[in-house]
Amino acid sequence: MADITRRFGWRHLRSAPTAHIRHHKRGELAHDGRGLSFWYRSLSAALSEVPVDDRELAMAFHARTADFQDVTVQATVTYRVSDPALAADRLDFSVDPDTGSWRSAPLEQIATLLTETAQQHTLDVLARTPLAAALVDGVASVRERVATGLAAEPRLPATGIDVVAVRVVAIRPEAEVERALRTPAREQIQQEADRATYERRAVAVERERTIAENELASQIELARREEQLVDQRGTNARREAEEKAAADGVRTEAEASRKVRLARADAEAARETGSARAEAQAAWLRVHGEVDPATLHALAATRLAENVPRIESLTLSPDILTGLLAKLGRPDGGSGA
């Protein structure tokens, strides 16, 4: 919108470089161009402001496919006014000379024209396309058809409007239909996930089986080695017993030989001792045989005295003493104490 200021009953207009201004004064074209700046009187001026920059028009409308499914089409059309004079003649771009605002809504008229034209061509395409194909290839076909249709629309060049670009953002079905269409893909994805899970479990089971087999093989090898160890221990024990038995035999034989030698030595010593005792006894007997009886009696009494307990004092009666002396062979029969 142009900037308008007031000075002493006059008006001053200053437009933007993207706005085309047409100033008519008393039916004559006084100013025509972009980015103008001039003074005028509001009572005698007729102003039009036509934007010449590129403008984006977003549109969304419903359509029905060949299988009678409702879809929503979202598109954007970029357009510009290429002939401002022609557009100002066909549409009302007049502005209030006091405020600079449009008296009507020309851009809404252009938006209605473009939207209805794009919708018409979109409906024509989607009415012959099933829903599945529309969702897969519908964006490209609708964009191409809308661009071709807008380029061939006679009202647009007659109004001085050029279509710069057409973009179709999305074609979406109803929410329930979209969920139904997503179900097979979700089921397939879930099946792939389940298959991956099963494969992972199978791999885990296979690994566990391999580990169990390795453990079993290890246990078998350990048992075999333990068997070998037991056999070796038995062999060692038998060998140790044999060695011990042999050593015991040698030791026993040596001990027996030693005992035999000792016995023989003891027997020899006994014989020697017996002979010596016999000779001593014979000599003793010979000596006692040659001694008189009184001496033998004295020796007997002495030997008897050596073997009886010690007597501190002894009192003998005359009768006992007489008998004792008589036995000892004393010639006198006197008494003593």
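Residues numbered from 1 in each chain as written. Predicted model: local features only at pLDDT ≥ 70, side-chain atom pairs only at ≥ 80, totals over all residues. Heavy atoms only, no water.

- The name given to the protein chain in an unreviewed UniProt entry is SPFH domain-containing protein, and the organism recorded there is Streptomyces microflavus.

### Regarding the environment of Leu-107
Point 1. Its place among the elements puts Leu-107 in helix H2 (residues 106–126).
Point 2. With 102 residues separating them in the primary sequence, Leu-107 and Thr-5 have C-alpha atoms 25 Å apart.
Point 3. Once you skip the residues sitting within four places of it in the chain, Leu-107 turns out to touch Pro-51, Arg-55, Tyr-79, Phe-93 and Trp-102. (Helix = DSSP H or I, 4+ residues; strand = E, 2+ residues; numbered from the N terminus. Contact = heavy atoms within 4.5 Å.)

### Focus: the UniProt feature "domain: Band" (unreviewed entry) in the protein chain
Point 1. Within this numbering scheme, the UniProt entry marks residues 35–197 as carrying the feature "domain: Band" (unreviewed entry).
Point 2. Each end of residues 35–197 is marked by a C-alpha atom, and these two atoms are 69 Å apart; helix forms 48% of the span and strand 29%. (UniProt positions renumbered as here; feature names shortened; annotations may be inferred.)

### Quick word on the nonpolar core
Point 1. One finds Met-59, Ile-110, Leu-114, Leu-126, Val-142, Leu-150 and Ile-171 to be the most contacted residues of the largest nonpolar core, which totals 33 residues.
Point 2. For this core, the secondary-structure elements that each account for two or more residues are strand E7 (55–64), strand E8 (70–81), helix H1 (84–90), H2, helix H3 (131–152) and strand E10 (161–173).
Point 3. For this core, the element with the highest residue contribution is H2, accounting for seven residues.
Point 4. The contact partners of Leu-126, leaving out residues within four places of it in the chain, are Ala-63, Arg-64, Thr-65, Ala-66, Val-71, Val-73, Ala-134, Val-142 and Ile-171.
Point 5. Counting residues in each nonpolar core, the second largest holds ten residues, with Leu-13, Ala-45, Leu-47 and Val-95 among its members. (Core = buried A, V, L, I, M, F, W, Y, C linked by side-chain atoms within 4.5 Å. Buried < 20%, exposed > 50% of the residue type's maximum accessible area, 1.4 Å probe, protein only.)

### Looking at the packing of aromatic side chains
Point 1. Counting across every chain of the model gives two aromatic pairs.
Point 2. For the pair Phe-93 and Trp-102, a centre-to-centre distance of 6.3 Å together with 70° between the ring planes defines the contact as edge-to-face.
Point 3. The exposure class of Trp-102 is partly exposed, given its relative accessible area of 31%. (Phe/Tyr/Trp six-rings, centres within 6.5 Å; stacked < 30°, edge-to-face > 60°.)

### What to know about the side chain of His-23
Point 1. Tracing the backbone shows His-23 in strand E3 (residues 19–25).
Point 2. With a relative accessible area of 3%, His-23 lands in the buried category.
Point 3. When neighbours within four sequence positions are excluded, His-23 is seen to be in contact with Glu-28, Leu-29, Ala-30, His-31, Phe-38, Tyr-40, Ala-45, Ala-46 and Leu-47.

### As for H2
Point 1. Compared with an ideal rise of 1.5 Å per residue, which puts 21 residues at 30 Å, H2 spans 30 Å between its outermost C-alpha atoms and is within 8% of the ideal.
Point 2. The complete set of buried residues in H2 reads Pro-106, Ile-110, Ala-111, Leu-113, Leu-114, Thr-117, Ala-118, His-121, Thr-122, Val-125 and Leu-126.
Point 3. Summarising the contacts, the buried residues of H2 are in contact with E7, E8, H3, helix H4 (155–159) and E10. (Expected span 1.5 Å × (residues − 1).)

### Brief notes about the domain arrangement of the protein chain
Point 1. For the protein chain, the assigned domains read domain 1 (51–172) and domain 2 (174–247).
Point 2. Placing the centre of domain 1 and that of domain 2 at their C-alpha centroids yields a distance of 69 Å.
Point 3. In this complex, domain 1 contributes five residues to the contact, which on the side of domain 2 involves five residues.
Point 4. Together domain 1 and domain 2 conceal approximately 370 Å² of surface at their shared face, both sides included; 48% is due to carbon and sulfur atoms.
Point 5. Area buried by domain 1 at its contact with domain 2 is led by Asp-70, Leu-131 and Arg-172, which between them contribute 73% of it.
Point 6. Along the contact surface separating domain 1 from domain 2 lie zero salt bridges.
Point 7. In this structure, the connection of domain 1 to domain 2 is made through zero residue pairs in polar contact (both at pLDDT 80 or more).
Point 8. By residue class, the composition of the side of domain 1 that touches domain 2 is two nonpolar, one polar and two charged. (Domains from an automatic or database assignment. Buried area = accessible area lost by both parts, 1.4 Å probe. Salt bridge = Lys/Arg side-chain N within 4 Å of Asp/Glu carboxyl O. Polar contact = N/O pair within 3.5 Å; in protein donor to acceptor, adjacent residues only side chain to side chain. Nonpolar A, V, L, I, M, F, W, Y, C, P; charged D, E, K, R; others polar.)

### Topic: the sheet that holds E8
Point 1. Strands sit in the order E7-E8-E10 across an open sheet of three strands; the sheet is antiparallel. Strands at the two margins of the open sheet, each flanked by one partner only, are E7 and E10. Pairwise comparison of adjacent strand axes, ignoring direction, gives a mean angle of 20° for this sheet.
Point 2. Across eleven bridges, the pairing between E8 and E10 is antiparallel. Each residue of the ladder has a partner; that of Thr-76, found in E10, is Arg-167.
Point 3. Against the sheet, H2 engages E7, E8 and E10, with an angle of about 40° to E7.
Point 4. Each of E8 and E10 touches H3; the most contacted strand, E10, lies at about 170° to it. (Pairing = 2+ DSSP bridges. Axes fitted to C-alpha atoms, helices over the stretch in contact; angles between N-to-C directions.)

### What to know about the packing of H2 against H3
Point 1. Here H2 crosses H3 at 135°, and the two axes come no closer than 9 Å. With respect to their mutual orientation, H2 and H3 come out oblique. As for how H2 packs across H3, the hand of that crossing is right-handed. Here Leu-114, Thr-117, Ala-118, His-121, Thr-122, Asp-124, Val-125 and Leu-126 of H2 lie close against H3, whose contacting residues are Ala-134, Ser-141, Val-142, Arg-145, Val-146, Gly-149 and Leu-150.
Point 2. Taken together, the residues of the contact of H2 with H3 break down into eight nonpolar, five polar and two charged. (Parallel < 35°, antiparallel > 145°, perpendicular 65-115°, else oblique. Left-handed = near helix turned anticlockwise from the far one by under 90°.)

### A few points about the sheet that holds strand E1 (residues 3–7)
Point 1. Taken in spatial order, the three strands make up an open sheet running E1-E2-E5, and their pairing is antiparallel. In this open sheet, the two edge strands, each paired with only one partner strand, are E1 and strand E5 (37–40). Direction aside, neighbouring strands of the sheet carry axes that sit 20° apart on average.
Point 2. Pairing analysis gives four bridges linking strand E2 (residues 10–14) to E5, with the strands arranged antiparallel. Within the sheet, the bridge partner assigned to Leu-13 lies in E5 and is Phe-38.

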